[in-house]
Amino acid sequence: MVFLTLDDLDNFFRRYAKQQGFGIVKAGGAYKQEKGKTLNERRNCTWKCESGGKPDARIRVSSRLLNGVSGKGVKMANRKTKKVGCPVMLHAKVTKDGKWQIRNVVLQHQNHEPVPSISKYISMFHREDLNAVRRRLFQHHDEGVSIPQIHSALAAERNGVENFPVSERKLRNVVDKEKRLKMMEGDANAMAAYFHRMTMERRAEDEKQADADSARFCHQLVSDFPIERVFQKIYTSAKFVEVQQECMKNLYVSIVGCEVVDENVLEYTIEDRVWVRDPNTRKDVPTRRKREYEVKYNSNSYEAWCVCKLMESSGIICRHIIAIFEKNDVEEVHDMFILRRWRKD
């Protein structure tokens, strides 16, 4: 494909990415050279999926960037990241007649799945959509039309709220920045009603944003357990972090016994450290004390039950069951360990 200008090509790929539900970045390019000088004119350009590249797994300790486990207990660089090594890219070069020609393109995503419905939460598209309605927003607001009415009217033009990328809260924030609401001194009721409404709107919007972030961002893996990778794909960001904590605590777990209790059913004895909550860091840390746990495992159905009852109390697979799954090379997770309320979908 050939485009007249770089902007035409950039807009084309942006529209495609928005329809598919992923962000893009200009990852590189070269400028024209003339008589040994670099001109302010590109001769090629590369765009990549925002989820391309590798995450930064380092942590900062005393102004130094380190990898791995350090300090008291278990620590890791567990920042949320979009970087999962996705290979999607587009490369184009300028032809002799000054047009832009696509020379290489990869459109098959890996390690993440774009979701078209969350495009409105991707910052590059959100800013574009907000700027597009800014003029009409102020025009209608100055005429006395309320924010909910303006939002409904703009959404109706997009065939419904689900297709309109700008929330009512965002419209209200734009108006507030330009024109602060004037409240009569002593009008406590009006003020309380205003802040209550804003709090409710913020809570609903934050929940939507959290759902969108779970689909776009992912935490890098902290182990090579196949079980961790399964939960990375299906669980929300906040709950997946809890699974990762159990994976890391597996470092202190060891299998010390095994008995056959029935056909296809084994009972393992697991030795583990006693973990306590540090009141200063509010994180679990291991003590020198140890205790044993029993885990029953069905090798036919991949079901398992641990006496620690973490699954029953918190809805999270425990490190003891993870150890048994790793021992038996289990790569599939039984439905009993996947709760619907924690899924991304």
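Refer to the structure printed above.
Residues numbered from 1 in each chain as written. Predicted model: local features only at pLDDT ≥ 70, side-chain atom pairs only at ≥ 80, totals over all residues. Heavy atoms only, no water.

What to know about the packing of helix α6 (residues 226-234) against helix α7 (residues 237-249)
Then comes step 1: The N-to-C vectors of α6 and α7 enclose an angle of 170 degrees; their axes lie 9 Å apart at closest approach. When the interaxial angle is binned, α6 and α7 end up roughly antiparallel. Of the residues in α7, those in contact with E228, F231 and Q232 of α6 are F240, V243, Q244 and C247.
Then comes step 2: For the contact of α6 with α7, the per-class residue count stands at 4 nonpolar, 2 polar and 1 charged. (Axes fitted to C-alpha atoms, helices over the stretch in contact; angles between N-to-C directions. Helix = DSSP H or I, 4+ residues; strand = E, 2+ residues; numbered from the N terminus. Parallel < 35°, antiparallel > 145°, perpendicular 65-115°, else oblique. Contact = heavy atoms within 4.5 Å. Nonpolar A, V, L, I, M, F, W, Y, C, P; charged D, E, K, R; others polar.)

Here's the deal with a negative patch on the surface
Then comes step 1: Together, D224, E326, D329, E331 and E332 make up a region of like negative charge exposed at the surface.
Then comes step 2: Looking at the secondary structure, you find E326 in helix α9 (residues 319-327). (Patch = residues over 30% accessible without salt bridge, like charges linked within 9 Å, V, L, I, M, F, W, Y side chains within 5 Å. Areas by Shrake-Rupley, 256 points an atom, 1.4 Å probe, with all protein chains shown as cover. Salt bridge = Lys/Arg side-chain N within 4 Å of Asp/Glu carboxyl O. Lys, Arg positive; Asp, Glu negative; His and termini not counted. Charge placed at Lys NZ, Arg CZ, Asp CG, Glu CD.)

Thoughts on helix α3 (residues 147-157)
Then comes step 1: For α3, the set of buried residues is I147, I150, H151, L154 and A155. Along the axis of α3, the buried residues cluster in a sector spanning 125 degrees; they form a single face.
Then comes step 2: N159 sits one or two residues past α3 and shows a positive phi near 65 degrees. (Buried < 20%, exposed > 50% of the residue type's maximum accessible area, 1.4 Å probe, protein only. Arc of directions from axis to C-beta.)

Brief notes about the packing of aromatic side chains
Aromatic ring pairs are reported here in terms of the distance separating the ring centres and the angle at which the planes meet.
Then comes step 1: This structure, assessed with the given rule, holds 8 aromatic pairs.
Then comes step 2: Relative to F22, the ring of F13 lies with its centre 6.5 Å away and its plane at 70 degrees, an arrangement referred to as edge-to-face. Like F13, the residue F22 is buried in the burial classification.
Then comes step 3: Each residue in the set F13, Y16 and F22 is aromatic and connected to the rest through ring pairs, giving one cluster.
Then comes step 4: Over the aromatic face of W342 sits the side chain of K239, whose NZ or CZ is 4.1 Å from the ring centroid. (Phe/Tyr/Trp six-rings, centres within 6.5 Å; stacked < 30°, edge-to-face > 60°. Lys NZ or Arg CZ within 6 Å of the ring centre and 35° of its normal.)

Focus: the nonpolar core
Then comes step 1: Among the nonpolar cores identified, the biggest contains 31 residues, and F231, Y235, V243, I317, I321, F325 and F337 are the most heavily contacted of them.
Then comes step 2: Put simply, the parts of the chain that give this core at least two residues each are α6, α7, β11 (265-277), β12 (284-298), β13 (304-306) and α9.
Then comes step 3: Setting aside chain neighbours within four positions, we find F325 in contact with I227, Y297, Y302, A304, I317, V330 and F337.
Then comes step 4: Judged by nonpolar contacts, the second largest core, of 19 residues, contains F3, L9, W47 and M124. (Core = buried A, V, L, I, M, F, W, Y, C linked by side-chain atoms within 4.5 Å.)

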